[in-house]
Amino acid sequence: MERPGRHKQGAISTIENLLQHGDNAAASAMAAEAAGQWPRDVEIQVLLGHALCRDGQTRAARNVAEAAIELDPQHPAPRMLRVELLLQDGDNDAALQLMQEIQRGPNSDNPKLLQDIAQRLTMLGEHVEAERCYARALALQPGDPGAIYKHATSLIALGPLAEADPALHPVLALNPADSAAWCNRRTQRNAPAATTTVVS
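Reading the values: rules and limits
- Residues numbered from 1 in each chain as written.
- Predicted model: local features only at pLDDT ≥ 70, side-chain atom pairs only at ≥ 80, totals over all residues.
- Heavy atoms only, no water.
- Core = buried A, V, L, I, M, F, W, Y, C linked by side-chain atoms within 4.5 Å.
- Buried < 20%, exposed > 50% of the residue type's maximum accessible area, 1.4 Å probe, protein only.
- Helix = DSSP H or I, 4+ residues; strand = E, 2+ residues; numbered from the N terminus.
- Contact = heavy atoms within 4.5 Å.
- Expected span 1.5 Å × (residues − 1).
- Axes fitted to C-alpha atoms, helices over the stretch in contact; angles between N-to-C directions.
- Parallel < 35°, antiparallel > 145°, perpendicular 65-115°, else oblique.
- Left-handed = near helix turned anticlockwise from the far one by under 90°.
- Nonpolar A, V, L, I, M, F, W, Y, C, P; charged D, E, K, R; others polar.
- Polar contact = N/O pair within 3.5 Å; in protein donor to acceptor, adjacent residues only side chain to side chain.
- Salt bridge = Lys/Arg side-chain N within 4 Å of Asp/Glu carboxyl O.

A. Quick look at the nonpolar core. Among the nonpolar cores identified, the biggest contains 24 residues, and Ile15, Leu19, Ala27, Ile44, Leu48 and Leu85 are the most heavily contacted of them. Sorting the residues of this core by element identifies α1 (4-20), α2 (24-37), α3 (42-54), α4 (58-71) and α5 (76-88) as the ones contributing at least two each. Among the elements that make up this core, the one with the highest residue count is α3 (eight residues). What Ile15 contacts, discounting residues up to four positions off in sequence, is Ala27, Met30, Ala31, Ala34 and Leu47.

B. Inspection of unusual backbone geometry at higher detail. Even without being a glycine, Asn107 presents a positive backbone phi close to 65°. Take Asn107: it is sitting in the loop between α6 (92-104) and α7 (111-123).

C. Structural detail: α5. The end-to-end C-alpha distance of α5 is 18 Å, a good match for the 18 Å that 13 residues give at a rise of 1.5 Å each. Those residues of α5 lying buried are Pro76, Pro78, Arg79, Met80, Leu81, Val83, Leu85, Leu86 and Leu87. Where α5 is buried, its residues contact α3, α4, α6 and α7. Trailing α5 by a residue or two, Gly90 shows a phi angle of about 80°, which is positive.

D. Spotlight on the packing of α6 against α7. Orientation of α6 relative to α7, taken along the N-to-C sense of each, is 155°, at an axis distance of 11 Å. Considering their axes alone, α6 and α7 lie roughly antiparallel with respect to each other. Crossing of α6 over α7 shows left-handed handedness. Taken together, the residues of α7 that come into contact with α6 (itself represented by Leu96, Met99, Ile102 and Gln103) are Leu113, Ile117, Arg120 and Leu121. Tallied by class, the residues present in the contact of α6 with α7 amount to six nonpolar, one polar and one charged.

E. Summary view of the side chain of Ser108. If you trace the backbone, Ser108 turns up in the loop between α6 and α7. Only 2.9 Å separates the side chain of Ser108 from the side chain of Arg136, close enough to count as a polar contact. Contact partners of Ser108, with chain neighbours within four places excluded, come to Ile102, Gln103, Leu113, Leu114 and Arg136.

F. Layout of the environment of Met30. By secondary structure assignment, the location of Met30 is in helix α2. Exposure remark for Met30: the relative accessible area of 28% places this residue in the partly exposed category. Setting aside anything within four residues of it in sequence, one finds Met30 in contact with Ala11, Thr14, Ile15 and Leu18.

G. Summary view of the pattern of salt bridges. By the definition in use, this model includes seven salt bridges. Linking Arg132 and Glu129 is a salt bridge whose minimum nitrogen-to-oxygen distance equals 2.6 Å. Here Arg132 pairs with Glu129, and both are found in helix α8 (residues 127-140), just three residues apart, close to one helical turn.

See the structure below:
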């Protein structure tokens, strides 16, 4: 017989796989079943919220987000779900304010969380704040190729090309076949900062 914790991880993996393949209805149905089985598990509740959001059930996703925040007010994942919903509603100011609060709160020294925040800041054109988040993530995970690359591309978006060029060196050293890194390097060397396009 499988241990409950292991069974839960299997359910999470299946739901995530369904979402990756765009089967949002099946993902939300399975996530709802898992949430009923583990009603006080924040990770499961947040996954349900994301599945509902992807399935177009925005009101239900909001309710799940608020319930998950009540379960653990200090956990950043439910609040990042709320950020997604605010962005979907076009309330960018509220989303920005909430992301700033998450960065100041406990449990914020998480490289993946910081990169997720930075990605959303970039989407909103907040490149200075995005670079700070990527730099903080990189300091916490200095050898991670993804963290190195994302920080380098954030420097390109800001325009200090003299800083961006050496920041790409470790990426190319780790993976000489990284075509996106080579493209960004060539772009930032040949184009004016104001017109630089970043390849993600």
